[in-house]
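Structure at a glance
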Amino acid sequence: MINAAVTYADADKDLVDAFEALPRESKSGDYWSEDALKALKGRIKSFYIAAQGSRCCYCDRHQGTENHRAWDVEHIVDRAKYAWFLFTPRNLAAACPDCNLAKSETEVLKTRGRKTYPSSSADFKIVHPHFDQFNDHIFHYRHVYIPKTPKGSFTIYTCKLLRFAEKYIDWQNSAADTRFEAEVNAAFDSELPMAVAAVNSIANQLSQPD
Ligand SMILES: [Zn+2]
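The structure reproduced in this document is the subject of the present report. Numbers given for residues are sequential positions, taken from 1 along each chain in its written order. It should be noted that, the model being predicted, local features are given only for residues of pLDDT at least 70 and side-chain atom pairs only at 80 or more, the latter also being counted only at that level, while totals for whole chains, interfaces and linings use all residues. Side-chain metrics rest on all non-hydrogen atoms present in the structure, leaving aside hydrogens and water.

Let's shift gears to the overall build of the protein chain. Counting from the N terminus, the helices are DSSP H or I runs at least four residues long and the strands are E runs at least two residues long. What the protein chain contains, in helices and strands, is eight helices and four strands. Secondary structure elements of the protein chain, listed N to C terminal, follow the sequence α-α-β-β-α-α-β-β-α-α-α-α. Burial here depends on accessible area, computed with a 1.4 Å probe over protein chains only, as a share of the maximum for the residue type. Under 20% is buried, over 50% is exposed, and the range in between is partly exposed. A buried classification covers 46% of the 210 residues belonging to the protein chain. Excluding contacts between residues fewer than 6 apart, the proportion of contacts in the protein chain whose partners are at least 24 apart in sequence is 60%. Throughout, the Shrake-Rupley method with a 1.4 Å probe supplies accessible areas, and for residues the shown protein chains are the sole cover considered. Accessible surface, the protein chain: about 11,100 Å² in total, of which carbon and sulfur atoms supply 50%. Throughout, a residue-residue contact means that at least one pair of heavy atoms, one from each residue, lies within 4.5 Å.

Dropping the structure here:
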């Protein structure tokens, strides 16, 4: 869980305040791509990379670099549908580009269309980097991710966290295929060897010719 939220000062504050002063219907997530925001976005990224100890907010993997090309600023509630949370400090985190791309614009709010930012873990379908303890929801060891809660399961599938195991053992589109979510989760509910067997069986099904 991230124990700090970014604050805005000086030139950053002016840019944020100018956006916040717009009526909600005039706010667009595209504002994020404005050239004027480049330095501000860099500072947000540096802040969260440090606050997260260089661990991605979704896959929990340590990246041994603070190079900004290896990190994305993540809008936990997506900026396309919820532009009004563009600069909300607790809606921001640092993610690896693969998790960010996998999650994309997936709806993570339990109640769609909220206008004020929720203040509690229970309002989110995803393991929220600012409200949830990763280990409460997901068991993570090396390539293995096992959900402990529905939030953990949602996060594993939304961010495609089974991609590491698939790559490691050369499975393609099997365990992380949401068509098999129920089977994989049922196996995770019992124990790891059964999970491996289930994933093997799914990989076999997928490799059978049509
Ligand atoms: Zn990640």
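Here the focus is the coordination of the zinc ion. Protein-derived ligands of the zinc ion are Cys56 (SG), Cys59 (SG), Cys96 (SG) and Cys99 (SG), with the metal-ligand distances lying across 2.3 Å. For the zinc ion, the four donor atoms in the first shell make angles of 103 to 117° at the metal, a pattern classed as tetrahedral. Along the chain, the residues that donate to the zinc ion are spaced as C-x2-C-x36-C-x2-C. Note that Cys56 is positioned in the loop between helix H2 (38–51) and strand E1 (72–75) and Cys96 in the loop between strand E2 (92–95) and helix H3 (97–103), a separation of 40 residues in sequence. Assigned by exposure class, Cys56 and Cys96 land together as buried. The rule for donors is simple: N, O or S, within 2.8 Å of the metal, or within 3.2 Å if the metal is Na, K or Ca. Water isn't counted, so a site may look like it is missing partners. Tetrahedral means four donors with every angle between 85 and 135 degrees, whereas square planar (four donors) and octahedral (six donors) require angles over 155 degrees between opposite donors and between 65 and 115 for all others; sites fitting neither are termed irregular.

Turning to the environment of Phe47, a few remarks are in order. You can see Phe47 is positioned in helix H2. For the pair Phe47 and Ala4, spaced 43 residues apart in sequence, the C-alpha separation works out to 9.1 Å. Not counting the four nearest positions on each side in its chain, Phe47 is found in contact with Ala4, Ala5 and Val6.

What follows deals with the nonpolar core. As used here, the term nonpolar core means buried Ala, Val, Leu, Ile, Met, Phe, Trp, Tyr and Cys residues forming a set that is joined through side-chain atoms within 4.5 Å. Counting 50 residues, the largest nonpolar core has Ile44, Tyr58, Phe87 and Tyr145 as its most contacted members. Going through the elements one at a time, helix H1 (10–20), H2, E2 and helix H5 (150–158) are the ones with two or more residues in this core. Apart from the residues within four sequence positions on either side, Tyr58 is in contact with Glu74, Ile76, Ala95, Cys99, Lys103, Ile126, Val127, Pro129, Phe134, Thr155, Cys159 and Leu161.

With respect to the secondary-structure elements, Ser121 resides in the loop between H3 and helix H4 (134–137). Distance in space between the C-alpha atoms of Ser121 and Phe131 is 5.2 Å, their sequence separation being 10 residues. Other than its neighbours up to four places away in sequence, Ser121 contacts Phe131, Asp132 and Lys151.

Attention shifts here to the packing of aromatic side chains. The pairing test for Phe, Tyr and Trp rings, Trp by its six-membered ring, is centres within 6.5 Å, and the orientation test on the planes gives stacked under 30 degrees, edge-to-face over 60, and tilted for anything in between. Applying the stated criterion to the full structure yields 13 aromatic pairs. Aromatic pair Phe47 and Tyr48: ring centres 4.9 Å apart, planes at 85°, arrangement edge-to-face. Residue Phe47 is classed as partly exposed on the basis of its relative accessible area, which comes to 28%. Look at Tyr48 and you get buried, because its relative accessible area is 0%. Chaining the aromatic ring pairs together yields one cluster made of Tyr82, Trp84, Phe85, Tyr117, Phe124 and Phe131. Against the face of Trp84 rests Arg24, its NZ or CZ located 5.9 Å from the ring centre. Remark: a charge is flagged as sitting over a ring if the NZ atom of Lys or the CZ atom of Arg is within 6 Å of the ring centre and within 35 degrees of the ring normal.

Turning our eyes to something else, we now look at the side chain of Arg163. Positionally, Arg163 belongs in helix H6 (residues 163–168). Here Arg163 sits buried without a salt bridge, and the closest side chain of opposite charge, Asp98, lies 4.2 Å off (N-O distance). Filtering out sequence-adjacent residues up to four positions away, Arg163 remains in contact with Cys59, Cys96, Asp98 and Cys99. For this count, His and the chain ends are skipped, Lys and Arg are scored as positive, and Asp and Glu as negative. Whenever a carboxyl oxygen of Asp or Glu lies within 4 Å of a side-chain nitrogen of Lys or Arg, that contact is scored as a salt bridge.

This part covers the pattern of salt bridges. Scanning the entire structure with this criterion turns up eight salt bridges. Across the pair Asp17 and Lys13 runs a salt bridge whose closest N-O atoms are separated by 2.8 Å. In this pair, Asp17 and Lys13 both sit in helix H1, four residues apart, roughly one turn of the helix. Residue Asp17 is classed as partly exposed on the basis of its relative accessible area, which comes to 36%. Residue classification places Lys13 among the partly exposed residues on the basis of a relative accessible area of 38%.

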